[in-house]
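Close look at the chain arrangement
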Amino acid sequence: GIQVEQSPPDLILQEGANSTLRCNFSDSVNNLQWFHQNPWGQLINLFYIPSGTKQNGRLSATTVATERYSLLYISSSQTTDSGVYFCGLVDNDMRFGAGTRLTVKP
Amino acid sequence: DVKVTQSSRYLVKRTGEKVFLECVQDMDHENMFWYRQDPGLGLRLIYFSYDVKMKEKGDIPEGYSVSREKKERFSLILESASTNQTSMYLCASSPGQATYEQYFGPGTRLTVT
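For clarity, every value in this text was computed on a predicted model and none was experimentally measured.

1. A short note on the side chain of Q33 of chain A
Mapping Q33 of chain A onto the fold places it in strand β4 (residues 32-37). Taking the relative accessible area as the measure of exposure, Q33 of chain A reaches 1% and is therefore buried. Reaching out from Q33 of chain A, the side chain makes a polar contact with the backbone nitrogen of Q102 of chain B at a distance of 2.7 Å.

Right, dumping it as structure tokens:
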């Protein structure tokens with residue numbers, strides 16, 4: 001099956017800093033999502049982005065399917081951005097990376 | 001907004017008990033999924049369903065069964081709970097073959113003692 005790798009595994013930022021999270025995948029896919037898992041465990045859908053670029057406020061994402069990676073950008077980070085960010089891809093079923101744990105310090 | 005609800009946020013059961021986890025979605029989605037999430041192992045797919053009364057095994061179906069009698073409801077059943085089934089269980093749904101965008105429920109944190 002498809003392998004999904006996320007980097008970095010952990011990221012600590014000062015409030016206001018920008019960051020880039022990366023998701024590499026081992027085979028071409030037509031579907032990719034970015035999620036934020038909140039402190040209560042719920043996965044919040046950030047972007048459905050099989051290709052191209054999308055923006056939502058301080059967050060944006062870019063997927064280059066031909067090169068098998070996706071990037072999540074967080075600008076002007078806030079403490080509420082803390083949590084774990086997952087990318088997931090659908091093949092016959094959904095495959096997730098191990099996540100990036102982001103900590104934003106005030 | 002798509003809403004996916006799960007019957008319990010926290011659940012404590014004893015070893016050997018039969019456990020039912022319920023998931024309901026209100027957007028007429030065709031596909032529904034059950035995952036479990038464990039530290040260091042990430043999210044793993046247990047079962048999924050593409051239609052009523054249809055089910056497919058995921059990565060870790062052992063010890064679990066599922067039921068989908070109605071389109072909006074997908075149940076995960078632990079026939080005889082064991083301590084290694086202590087985990088966070090997440091349900092998701094997606095609209096169908098045109099898009100695979102998934103929407104997740106709030107999760108159920110199950111502890112088996």
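From this point, the discussion proceeds with the structure in view.
2. Some details on unusual backbone geometry
Of the consecutive residues S7 of chain A and P8 of chain A, the connecting peptide bond is found in the cis state with omega at -10 degrees. Note on placement: P8 of chain A falls in the loop between β1 (4-7) and β2 (10-14). Even without being a glycine, R68 of chain A presents a positive backbone phi close to 60 degrees. Residue placement: R68 of chain A occurs in the loop between β7 (59-64) and β8 (69-74). Using a relative accessible area of 36% as the deciding quantity, one classes R68 of chain A as partly exposed. Non-glycine residue K53 of chain B carries a positive phi angle of around 65 degrees. Topologically, K53 of chain B is positioned in the loop between β5 (42-49) and β6 (56-57). By relative accessible area, K53 of chain B is classed as exposed at 60%.

3. Details of the sheet that holds strand β3 (residues 19-25) of chain B
Residue and element names in this part refer to chain B. One open sheet accounts for four strands, arranged β1-β3-β8-β7; its pairing is antiparallel. Two strands in the sheet have a free side with no partner beyond their single neighbour: β1 (4-6) and β7 (64-70). Strand-to-strand twist in this sheet, taken as the mean axis angle between neighbours without regard to direction, amounts to 20 degrees. Across five bridges, the pairing between β7 and strand β8 (residues 73-78) is antiparallel.

4. Notes on the pairing of β8 of chain B
Counting buried positions along β8 of chain B yields five of six residues, so the element is predominantly enclosed. Once β7 of chain B ends, the chain turns through two residues before running back antiparallel as β8 of chain B.

5. As for the confidence of the model for chain A
Counting all residues, the mean pLDDT for chain A is 91, and 97% of those residues have values of 70 or more. For chain A, per-element mean pLDDT is lowest for strand β10 (residues 94-96) of chain A, which scores 83, and highest for β8 of chain A, which scores 97.

6. Comments concerning the interface of chain B and chain A
Contacts between chain B and chain A engage 18 residues on the former and 17 residues on the latter. Here chain B and chain A share an interface that buries about 1,600 Å² over both sides, 54% of which is from carbon and sulfur atoms. The shortest N-O distance in the salt bridge between D59 of chain B and R95 of chain A comes to 3.3 Å. Between the two partners, chain B and chain A, sit five residue pairs in polar contact (both at pLDDT 80 or more). Counting residues per element, the ones that place at least two in the side of chain B that touches chain A are β4 (31-38), β5, β9 (87-94) and β10 (103-104) of chain B. By residue number, the principal contributor to the side of chain B that touches chain A is β5 of chain B, which donates three residues. Residue composition of the side of chain B that touches chain A, grouped by class: eleven nonpolar, four polar and three charged.

7. Brief notes about the pairing of β7 of chain A
Residue and element names in this part refer to chain A. In terms of burial, β7 is a largely internal element, five of the six residues being buried. Here strand β6 (residues 52-56) pairs with β7 via five bridges, running antiparallel. Residue pairing across strands places N56 opposite L59, the latter belonging to β7. Following β6, the chain reverses through two residues before pairing antiparallel with β7; G57 in that reversal takes a positive phi of roughly 65 degrees. Pairing of β7 with β8, which is carried by six bridges, proceeds in the antiparallel orientation.

8. Focus on the environment of A81 of chain B
Residues and elements named next belong to chain B. With respect to the element layout, A81 can be found in the loop between β8 and β9. Assessed through its relative accessible area of 1%, A81 is described here as buried. Taking the C-alpha atoms as reference points, A81 and A92, separated by eleven residues in sequence, lie 22 Å from one another. Not counting residues up to four positions away in its chain, the partners in contact with A81 are R14, T15, G16, E17, V19 and V112.

Rules used in this analysis
Residues numbered from 1 in each chain as written. Chains lettered and ligands numbered in written order. Predicted model: local features only at pLDDT ≥ 70, side-chain atom pairs only at ≥ 80, totals over all residues. Heavy atoms only, no water. Helix = DSSP H or I, 4+ residues; strand = E, 2+ residues; numbered from the N terminus. Buried < 20%, exposed > 50% of the residue type's maximum accessible area, 1.4 Å probe, protein only. Polar contact = N/O pair within 3.5 Å; in protein donor to acceptor, adjacent residues only side chain to side chain. Pairing = 2+ DSSP bridges. Axes fitted to C-alpha atoms, helices over the stretch in contact; angles between N-to-C directions. pLDDT = per-residue confidence, 0-100. Contact = heavy atoms within 4.5 Å. Buried area = accessible area lost by both parts, 1.4 Å probe. Salt bridge = Lys/Arg side-chain N within 4 Å of Asp/Glu carboxyl O. Nonpolar A, V, L, I, M, F, W, Y, C, P; charged D, E, K, R; others polar.

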